[in-house]
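Listed below, chain by chain, are the residues.
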Amino acid sequence: MFRVLPDAEGLAREAAREFAASAAESVRDRGLFCVALSGGSTPRLLHERLAGDWAREIAWERVRFYFGDERCVPPDHERSNYRMARETLFDPLAISATRIFRMRGEEEPRRAALDYEAELRTHVPAEGVIPRLDLVLLGLGSDGHTASLFPETQALVEKRRLAAANFVAKFSEWRLTLTYPCLRAARRILFLVTGAEKSDAAAAILGRRGGDSLPAGRVKPRSGSVLWLLDRAAAAKLPVDGSTADGRR
Ligand code: 6PG
């Protein structure tokens, strides 16, 4: 299922509406909204909308913030996904640190991944044995990666752990990332994709050929939903009728 928005601003507005709807439903049904934020630059506009137009529309005191991935840098580093979220969302909304669960990029990666899994298992309500995040925001790289699940990396084959330390050879660096077992347990996945450089990857995943040859294409919640929001540039190579590879609209 995908929706095409005119531009990055339009996508941020639609994403904010989806975020607010997920939050309202989760708080109504469970008194809590556990959301994993995406890294990169695309979410900035969404964060600004949430901290602006939606500041008084969401029960922020019921929201627990997690992360889909993190670079292995300190939390105040310019490349830190946590720092971007703090500057654009947490500080403007005065979110209590007690409800922010960041991946500790400053620690030894394997240790940090194990600790993050423990955080998820402690604080995110589970149905069965796996914690179910209510919403996971994800981006898409031009190589088809999402979170820090990059092509040809070890974390792609992780079948048990909920978070992993993942060495990304193309950058010669370690990353921390949620794994497919964790993502597949989510209630809702929302992909935010902007820019022409994503159009080939988007077409390989959502086009008529479709397929799960790319990491982002393998994010398939067991009983949750996936919605892709793309701007026109990223959707340029998709069927205009909005039908996906398996015919869903
Ligand atoms: C990261 C991300 C990564 C990102 C995509 C898209 O830490 O970089 O989590 O998966 O979402 O690379 O990044 P942009 O939004 O900057 O295009």
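As the structure is a prediction and not an experimental result, all values here were calculated from the model.

Participant: Please set out the site of the ligand residue by residue, giving values where relevant.
Facilitator: Near the ligand, the surroundings consist of 15 residues, among which Ser 41, Thr 42, Asp 69, Ala 147 and Lys 198 are the closest. The contact in question runs from an oxygen atom of the ligand to an N or O atom on the side chain of Thr 42, over 2.6 Å. At a separation of 2.6 Å, an oxygen atom of the ligand approaches a polar side-chain atom of Lys 198. Here the ligand has 410 Å² of accessible area as a free molecule, and 87% of this is covered by the chains.

Participant: Go over the layout of surface pockets, please, and point to the residues and values.
Facilitator: Considering only enclosed or pocket space, the largest pocket measures out at about 400 Å³ in volume. Around the largest pocket, the lining comprises 28 residues; the ones closest to its centre are Gly 39, Gly 40, Arg 71, Leu 140 and His 145. Each residue belonging to the lining of the largest pocket can be placed in one class, and the counts come to nine nonpolar, 12 polar and seven charged.

Participant: Which residues make up the nonpolar core, and what values go with them?
Facilitator: Core analysis: the biggest nonpolar cluster contains 82 residues, and Phe 19, Phe 65, Phe 90, Leu 133, Trp 228 and Leu 230 have the highest contact counts within it. Contacts of Leu 133, omitting those with residues within four sequence positions, involve Cys 34, Ala 36, Tyr 66, Leu 120, Val 124, Leu 178, Cys 182, Ala 186, Arg 187 and Arg 188.

Participant: Can you tell me about helix H1 (residues 8-30), naming the residues and giving the values?
Facilitator: The end-to-end C-alpha distance of H1, which contains 23 residues, comes to 32 Å, matching closely the 33 Å that a straight helix rising 1.5 Å per residue would cover. Its side-chain oxygen placed 3.3 Å from the backbone nitrogen of Glu 9, Asp 7 serves as the N-cap of H1. Looking one or two residues beyond H1, the residue adopting positive phi is Gly 31, at roughly 70 degrees.

Participant: So, the pairing of strand S7 (residues 135-138): which residues are in play, and what are the values?
Facilitator: Here S7 shows a buried face lined by Leu 135 and Leu 137 and a second buried face lined by Val 136 and Leu 138. In the sheet, strand S2 (residues 33-37) pairs with S7 via two bridges, with the strands oriented parallel. Along S7, the bridge assignment pairs Val 35 with Leu 135. In terms of strand pairing, S7 meets strand S10 (residues 188-193) through three bridges, oriented parallel. Paired with Leu 138 across the two strands is Phe 191, which belongs to S10.

Participant: Could you give an account of the pattern of salt bridges, with specific residues and numbers?
Facilitator: Under the counting rule described, the total for this entry stands at 25 salt bridges. Salt-bridge contacts for Glu 18 lead to Arg 3; the nearest nitrogen and oxygen are separated by 2.8 Å. One end of the pair, Glu 18, is in helix H1; the other, Arg 3, is in strand S1 (residues 2-5), and 15 residues separate them in sequence. Residue classification places Glu 18 among the buried residues on the basis of a relative accessible area of 13%. On the basis of relative accessibility, which here comes to 28%, the residue Arg 3 falls in the partly exposed class. Between Glu 108 and Arg 110 there is a salt bridge, with the nearest N and O atoms lying 3.3 Å from each other. Of the residues examined, Glu 108 reaches a relative accessible area of 40% and is grouped as partly exposed. Among the ionic contacts, a cluster of salt bridges with common partners joins Arg 3, Glu 14, Arg 17, Glu 18 and Arg 188.

Analysis parameters
- Residues numbered from 1 in each chain as written.
- Predicted model: local features only at pLDDT ≥ 70, side-chain atom pairs only at ≥ 80, totals over all residues.
- Heavy atoms only, no water.
- Near = heavy atom within 4 Å.
- Polar contact = N/O pair within 3.5 Å; in protein donor to acceptor, adjacent residues only side chain to side chain.
- Areas by Shrake-Rupley, 256 points an atom, 1.4 Å probe, with all protein chains shown as cover.
- 1 Å grid on protein atoms, 1.4 Å probe; cavity = no way out; pocket = protein on both sides within 12 Å on 5 of 7 lines; lining within 4 Å.
- Points joined across faces, edges and corners; volume = space filled by probe spheres on them.
- Nonpolar A, V, L, I, M, F, W, Y, C, P; charged D, E, K, R; others polar.
- Core = buried A, V, L, I, M, F, W, Y, C linked by side-chain atoms within 4.5 Å.
- Buried < 20%, exposed > 50% of the residue type's maximum accessible area, 1.4 Å probe, protein only.
- Contact = heavy atoms within 4.5 Å.
- Helix = DSSP H or I, 4+ residues; strand = E, 2+ residues; numbered from the N terminus.
- Expected span 1.5 Å × (residues − 1).
- Pairing = 2+ DSSP bridges.
- Salt bridge = Lys/Arg side-chain N within 4 Å of Asp/Glu carboxyl O.

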